[in-house]
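Structural characterization, general
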Amino acid sequence: MFREHDGGLEFSARHETLRIEPWGRDSVRVRAVLGAVRDDIPGALLDRPADGKAEITVPDLTGLRAFRTGLGSPTDPVPPARLVNGRITVELSVEGELRFLRSADGHELLAERRAHFWWPGTRAHTPVSPGYRRLEQHFAAYEDERLYGLGQRQHGLLDQKGTVVDLVQRNTEVSIPFVLSSRGYGLLWNSPAVGRVEFAANGTRWVADSARQIDYWITAGESPAGILRAYADATGHAPGFPDWATGFWQCKLRYKTQEELLAVAREHKRRGLPLSVIVSDFFHWTRLGDWRFDPAEWPDPAAMVRELDELGVKLMVSVWPSVNESSENHAEMARRGLLVANEYGSPAHTAWTDKGADHQVAVSFYDPTNPEARDFVWSKCRENYQEYGINLWWLDACEPEIKPGHPANLRYHAGPGQEVANLYPRENARTFHEGMAASGDTDGMSFSRSAWAGSQRYGTAVWSGDVGTDFATLRQQIAAGLNIGLSGIPWWTTDIGGFHGGDPDDPAYREVLLRWFQFGAFCPIFRLHGFRLPWLPLGGEMTGGPNEVWSYGDEAYEIMCRYLRLRERIRPYVAEQMAAAARDGLPPMRPLFVEFPGDERAWTVADQFLLGPDLLVAPVTEAGAVRREVYLPAGARWTCAWTGEVYEGGTAPTLDAPLDRIPLLLRDGAQLPVVE
């Protein structure tokens with residue numbers, strides 16, 4: 001039943017094989033399968049580290065075997081097999097059930113829990129098609145436990161305890177199946193399969209709707225920071241963040257022509273306003289899947305990029321993963337099998353009103369899990385964009401945005417859609433990361449609407465998608481950003497002001513925009529975007545209303561300019577936090593408990609955050625509010641960056657927050673140039 005295997009521990013019974021392996025410092029990987037353990041299913045983990053060795057103890061089962069065969073009498077209970085890897089100890093019972101303990105004191109971090117005393121047990125493998133099963137992994141629930149991460153959600157909750165979360169990629173909902181527990185562990189469900197996780201009061205259940213093998217990784221940490229460091233070691237660290245990217249990014253839906261975009265960049269410089277990035281959004285192309293500028297609207301991209309370079313501005317270009325049947329590349333991609341296939345029907349995945357058509361046309365998605373497809377798409381982007389000096393890629397609609405969303409009908413190079421669909425955004429980012437590396441021009445990055453575990457190692461930033469434009473949505477973005485940071489993605493932002501609407505002439509909307517702009521100035525990436533009123537219908541002529549800082553009236557302009565200048569002053573500090581993210585896996589935008597794990601209340605604050613270790617940010621998220629309560633974590637003294645007033649930690653003062661001020665507090669005398 002028990003045996004050592006390649007430095008790990010295996011258990012076999014009732015056709016199931018369970019393998020536990022040391023996988024990095026203080027961490028183990030667990031796989032369970034009917035039959036032999038598989039190494040050919042894609043996941044998030046990097047290769048098993050070569051260093052380190054676990055201590056393994058296997059019990060003597062002689063007495064148990066004799067009793068079960070009727071040749072002996074009952075003996076004392078059989079002790080569990082044990083595997084010790086640094087801070088984590090795994091106990092495996094003679095019934096094949098697992099407990100994960102803190103090695104130092106035997107504290108139970110997490111334990112499997114039977115779904116029923118008879119059947120099913122702690123793990124269930126229910127057939128759904130030949131070779132594929134609905135997989136369930138059951139764990140105990142703990143009343144005092146809090147759970148964080150799981151990517152980016154729009155429910156507004158920081159603590160995921162009590163939620164049921166679909167494990168599927170959707171616009172605004174980024175599925176990254178990693179959780180950080182207040183009990184001192186982190187767990188990665190190492191499967192890109194479509195499914196769900198349930199954090200109920202009577203148990204936790206992870207589900208893959210159709211897959212072949214249960215696979216997860218668990219680590220024990222001395223602190224939240226230690227857990228995040230181990231997770232980055234296991235799934236990949238983000239690369240160094242470009243210095244230019246810490247500045248202000250300007251965007252709207254959409255600049256229709258080369259001249260319109262250049263006019264905005266010139267106006268920024270005429271006014272003396274900082275600008276690091278400006279964006280050419282969708283419909284700049286000839287057809288979806290051509291991956292090139294429409295020469296009627298963008299006649300000289302090389303000249304455009306040269307002028308922007310002289311202004312100190314980078315150009316980001318929107319690159320969608322979808323291919324119109326009328327695209328010049330569709331026939332070749334279909335012939336070579338570079339598009340996502342369908343189990344039933346031709347490879348068409350959505351309908352779109354593209355340029356050159358007054359009606360919706362069939363659109364397919366390329367398959368980034370196929371190395372040949374990645375090479376093909378990169379070759380087009382290198383030829384049609386990078387050759388002009390463009391190295392910034394806005395990877396929109398990369399969930400992928402399939403409608404209807406039936407992953408069971410999809411077949412990828414990496415496997416059936418139900419088993420691998422959540423990989424898509426990560427592998428799409430890989431296309432551009434590896435392409436830039438091969439070109440030798442690595443001073444770029446991608447900007448993605450979705451991600452999966454390990455996306456950070458491909459140098460991609462994530463934004464929160466097409467969200468609403470009200471205060472309730474602004475509040476939700478704080479928890480969304482904190483949780484995706486805890487899921488391994490340090491480069492994150494939102495559409496400042498939200499995406500769907502917003503009237504620049506409406507005083508109520510201007511208030512939302514200003515409060516969002518203040519929040520955005522302290523996000524890892526500072527970016528203004530949105531589809532402002534008045535709208536035009538979807539199609540090649542589509543554009544929205546103005547969305548520049550001077551578009552919202554004189555009062556709003558002065559306030560936004562104040563925060564543009566503030567961001568410029570703290571850019572060196574932001575760069576330091578990005579360097580720490582690359583080195584240590586710590587998100588720049590982090591919950592209070594990451595720095596103050598000993599403060600119980602710090603684990604519950606969902607509407608504030610720390611930018612790095614020293615700057616506490618408390619966004620204003622209520623209409624008409626000019627004051628707000630701010631919780632100051634115990635264990636530090638806090639100085640109001642605006643007034644210089646000092647407060648003791650462990651208190652919750654109500655601070656002034658007039659329309660031009662977001663509450664900002666500095667930790668233990670830290671010096672940051674917040675005030676001019």
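First, a word on scope: everything that follows refers to the structure included in this document. Not measured: the values here are computed from a predicted model. (Residues numbered from 1 in each chain as written. Predicted model: local features only at pLDDT ≥ 70, side-chain atom pairs only at ≥ 80, totals over all residues. Heavy atoms only, no water.)

1. Details of the overall build of the chain
From N to C terminus, the chain includes 12 helices and 40 strands. Since a compact globule built from 676 residues should have a radius of gyration of about 26 Å, the 26 Å found for the chain is in line with a globular shape. Reported as C-alpha extents along the three principal axes, the dimensions of the chain are approximately 90 × 70 × 40 Å. By the burial criterion, 62% of the 676 residues in the chain qualify as buried. Across the chain, the centroid of the 70 positively charged side chains sits 3 Å from that of the 90 negatively charged ones. (Helix = DSSP H or I, 4+ residues; strand = E, 2+ residues; numbered from the N terminus. Rg over C-alpha atoms; globule rule 2.2 N^0.38 Å. Buried < 20%, exposed > 50% of the residue type's maximum accessible area, 1.4 Å probe, protein only. Lys, Arg positive; Asp, Glu negative; His and termini not counted. Charge placed at Lys NZ, Arg CZ, Asp CG, Glu CD.)

2. Some words on empty space enclosed by the protein
Summary: where empty space remains is shown by rolling a probe the size of a single water molecule over the atoms. Summed over the entire model, instances satisfying the criterion amount to 4 cavities of 30 Å³ or more. Taken together, 15 residues make up the lining of the largest cavity; nearest its centre are Ala 232, Gln 456, Gly 488, Pro 490 and Gly 585. In terms of residues, the lining of the largest cavity owes the most to one element, helix H2 (residues 224-235), which gives 3 residues. Taken together, the residues of the lining of the largest cavity sort by class into 9 nonpolar, 6 polar and no charged. (1 Å grid on protein atoms, 1.4 Å probe; cavity = no way out; pocket = protein on both sides within 12 Å on 5 of 7 lines; lining within 4 Å. Points joined across faces, edges and corners; volume = space filled by probe spheres on them. Nonpolar A, V, L, I, M, F, W, Y, C, P; charged D, E, K, R; others polar.)

3. Some words on the nonpolar core
Trp 249, Trp 393, Met 445, Phe 522 and Leu 664 are the most contacted members of the largest nonpolar core, which has 156 residues in total. Here the element with the most residues in this core is helix H11 (residues 554-584); it accounts for 12 residues. Counting 45 residues, the second-largest nonpolar core is a separate cluster that includes Phe 2, Leu 18, Leu 83 and Val 165. (Core = buried A, V, L, I, M, F, W, Y, C linked by side-chain atoms within 4.5 Å.)

4. Observations concerning the layout of surface pockets
Size it by volume and the largest pocket reaches roughly 470 Å³. Along the walls of the largest pocket sit 27 residues, with Asp 39, Ile 41, Pro 42, Gly 43 and Leu 45 positioned nearest its centre. For the lining of the largest pocket, the secondary structure elements donating two or more residues are strand S3 (16-22), strand S4 (27-34) and helix H8 (424-439). Looking at the lining of the largest pocket element by element, the count peaks at 3 residues for H8. Its residues placed into classes, the lining of the largest pocket shows 9 nonpolar, 4 polar and 14 charged. Considering only enclosed or pocket space, the second largest pocket measures out at about 410 Å³ in volume. What lines the second largest pocket is a set of 18 residues, among which Arg 14, Glu 16, Trp 119, Gly 121 and Arg 123 lie closest to the centre.

5. Re the pattern of salt bridges
In total, this model carries 62 salt bridges according to the counting rule given. Where Glu 108 meets Arg 99, a salt bridge forms, and the shortest distance between an N and an O atom there is 2.9 Å. What makes Arg 99 partly exposed here is its relative accessible area of 31%. A salt bridge links Glu 427 to Arg 426; the nearest nitrogen and oxygen atoms lie 3.0 Å apart. With relative accessibility at 4%, the residue Glu 427 sits in the buried group. Here the residues in one salt-bridge network are Asp 6, Glu 21, Arg 31, Asp 39 and Arg 48, joined through shared partners. (Salt bridge = Lys/Arg side-chain N within 4 Å of Asp/Glu carboxyl O.)

6. Remarks on the sheet that holds strand S22 (residues 322-324)
Read from one edge of the open sheet, 3 strands run S22-S25-S24, paired in antiparallel fashion. Each end of this open sheet is capped by a strand with a single partner; those strands are S22 and strand S24 (350-352). When the angles between neighbouring strand axes are averaged without regard to direction, this sheet yields 45°. (Pairing = 2+ DSSP bridges. Axes fitted to C-alpha atoms, helices over the stretch in contact; angles between N-to-C directions.)

7. Some thoughts on the environment of Gly 540
Within the secondary structure layout, Gly 540 lies in the loop between strand S32 (526-528) and H11. For Gly 540 and Arg 426, which are 114 residues apart along the polypeptide, the C-alpha to C-alpha distance reads 29 Å. Residues contacting Gly 540, with those up to four places away along its chain left out, are Arg 254, Phe 283 and Lys 355. (Contact = heavy atoms within 4.5 Å.)

8. Examining helix H3 (residues 258-270)
In an α-helix, one turn spans 3.6 residues, which is why side chains three or four residues apart end up on the same side. Here H3 spans 18 Å end to end across 13 residues, near enough to the 18 Å set by a 1.5 Å rise per residue. What H3 keeps buried is the set Gln 258, Leu 261, Leu 262, Val 264, Ala 265, Glu 267 and His 268. Of the surrounding elements, those touching the buried residues of H3 are strand S19 (248-250), strand S20 (277-280), helix H4 (301-310) and strand S21 (314-318). Backbone geometry just downstream of H3 places Gly 272 in the positive-phi region, at approximately 75°. (Expected span 1.5 Å × (residues − 1).)

9. Details of the sheet that holds S4
Strand order in this open sheet of 8 strands is S1-S2-S3-S4-S18-S15-S14-S12, and the pairing throughout is antiparallel. Only two strands of the sheet have a single partner each, and these edge strands are strand S1 (2-5) and strand S12 (147-152). Adjacent strand axes in the sheet meet at a mean angle of 20° when their direction is disregarded. Set on the sheet, H2 makes contact with S4, strand S14 (174-181), strand S15 (185-189) and strand S18 (214-220); between it and S14 the angle comes to about 135°. Its contacts with the sheet put helix H9 (residues 471-485) on S12 and S14, and the angle it makes with S12 is roughly 95°.

10. Topic: the packing of aromatic side chains
In this structure the tally under the stated criterion is 41 aromatic pairs. Both rings, one in Phe 178 and one in Tyr 231, keep their centres 3.8 Å apart while their planes meet at 10°; by these two values the pair is stacked. A residue pair is termed long-range when its members are at least 10 positions apart, and Phe 178 in strand S14 and Tyr 231 in helix H2 qualify at 53 residues. Grouping residues by exposure puts Phe 178 and Tyr 231 together as buried. Taken together, the ring pairs connect Phe 293, Trp 298, Trp 378, Tyr 385, Trp 393 and Phe 432 into an aromatic cluster. One Lys or Arg, Arg 183, reaches over the ring of Tyr 142 and ends 3.6 Å from the middle of that ring. Above the ring of Trp 463, the side-chain terminus of Arg 527 is found at 5.3 Å from the ring centroid. (Phe/Tyr/Trp six-rings, centres within 6.5 Å; stacked < 30°, edge-to-face > 60°. Lys NZ or Arg CZ within 6 Å of the ring centre and 35° of its normal.)

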